[in-house]
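# Secondary and tertiary structure notes
The primary structure of each chain is shown beneath.
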Amino acid sequence: MKRLLLSSALVIAIAAPAAAADLATRYPVKAPVAPVAPVFSWTGFYIGANAGYGGDKYNYDFGVPTTATASTNSSGFFAGGQIGYNYQFANNVVLGLETDLQWSGIDGTLNTVTPGASTNIKSSLDYFGTVRARVGYAFDRFLPYITGGMAYGKTKTEGSQFSRTGFTTFDDSDTKVGWTIGGGVEYAITNNWTFKTEYQYVDLGNSDYGIGTNAVSVDNKFHTVRAGVNYKF
């Protein structure tokens, strides 16, 4: 009888750990939870640089009242910088304000030959800038937007004429304020660096020089296409 009890106890002692091990393996082991990548936000200040190409036409009205009209193509490169601020709402709408200033090489030259006279006129845009609102919709790191606001710039017109009465020259400049409208797309390469491409139409109005028959009025309108980078703080 004692041998039977001892044998039973020994079997139970051996079997119990094995049964416990079997029970333990029946519970699934949960994999560690991977960290969730933070959602990108466009909110914040930024500063950057850009370069592009622009132009259209210079249209001239000569004399007051107008006695003749002419036009010439304008084109050239420009480069500058910008600074601004964006705020992204919970519905992914992004509102921003941006100002930029550009050195400009946009110019155009008009050459005319009439009986008894040869005229050369060159108009140029020394610099221009804008102060604009931006409205866009964020698709995570991709931001298409429209923009518009105030524009300003310094224009210059110089000319010379050979005629039967002699040689005359003209040189004057004008600082103008106008408006601009356009749109673009911006992409966040990293959490701090973004790349953008943008189109703008700029209208700085007319520059009027001289008086009477020696007067000339030049309109200052042009298109721009630019690319740039921003550093977001």
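A brief report on the enclosed structure follows. (Residues numbered from 1 in each chain as written. Predicted model: local features only at pLDDT ≥ 70, side-chain atom pairs only at ≥ 80, totals over all residues. Heavy atoms only, no water.)

## Quick word on the pattern of salt bridges
Short version of the rule: We define a salt bridge as a contact between a side-chain nitrogen of Lys or Arg and a carboxyl oxygen of Asp or Glu at a distance within 4 Å. In DSSP terms, a helix is any run of H or I states spanning at least four residues, a strand is any run of E spanning at least two, and both are numbered starting from the N terminus. Think of it in three bands: with a 1.4 Å probe and only protein chains considered, a residue is buried below 20% of the maximum accessible area for its type, exposed above 50%, and partly exposed in between.
Throughout the structure, instances matching the rule amount to 12 salt bridges. Two residues, Asp100 and Arg226, come together in a salt bridge whose shortest N-O distance is 3.7 Å. Placement of Asp100 in strand β3 (residues 93–104) and of Arg226 in strand β9 (residues 216–232) is noted, with a sequence separation of 126 residues between them. You'll find Asp100 and Arg226 in the same group, each marked buried. Between Arg226 and Glu198 there is a salt bridge whose closest N-O contact spans 3.8 Å. Taken together, the residues span a long stretch of sequence, with Arg226 in strand β9 and Glu198 in strand β8 (residues 193–209) at a distance of 28 residues. The buried category is assigned to Arg226, whose relative accessible area is 3%.

## Things to note about the pairing of strand β6 (residues 142–163)
Convention followed: Pairing between strands requires that DSSP locate at least two bridges from one strand to the other.
As defined by bridge partners, strand β5 (residues 117–137) adjoins β6 across 19 bridges and the pair is classed as antiparallel. In the strand pairing of β6, Ser118 is matched with Phe162. Where β5 hands over to β6, the hairpin turn is made up of 4 residues, of which Asp140 adopts a positive phi near 60 degrees. Bridge count for β6 against strand β7 (residues 166–188) is 22 bridges, and the pairing is antiparallel. Residue pairing across strands places Ser163 opposite Gly166, the latter belonging to β7. A loop of 2 residues connects β6 with β7, the two strands running antiparallel in sequence.

## Thoughts on the packing of aromatic side chains
Inclusion rule: Within 6.5 Å between ring centres, the rings of Phe, Tyr and Trp (the latter by its six-membered ring) count as paired, and their orientation is classed by plane angle as stacked under 30 degrees, edge-to-face over 60, tilted in between. Only when the NZ atom of a Lys or the CZ atom of an Arg is both within 6 Å of the ring centre and within 35 degrees of the ring normal do we say a charge sits over the ring.
The tally for this structure, following the rule as stated, stands at 13 aromatic pairs. For the pair Phe45 and Tyr85, a centre-to-centre distance of 4.6 Å together with 55 degrees between the ring planes defines the contact as tilted. Remark: Tyr85 occurs in strand β2 (residues 68–88) and Phe45 occurs in strand β1 (residues 44–62); sequence separation between them is 40 residues. Where Phe170 meets Tyr209, the ring centres are 5.6 Å apart and the plane angle is 65 degrees; that geometry is what we call edge-to-face. Within this pair, whereas Phe170 is found in strand β7, its partner Tyr209 is found in strand β8, the two being separated by 39 residues in sequence. By relative accessible area, which is 2% here, Tyr209 ends up buried. Taken together, the ring pairs in this structure connect Phe78, Phe128 and Phe222 into an aromatic cluster. Of note, Arg134 hangs over the ring of Tyr145, and the distance from its end group to the ring centre comes to 4.3 Å.

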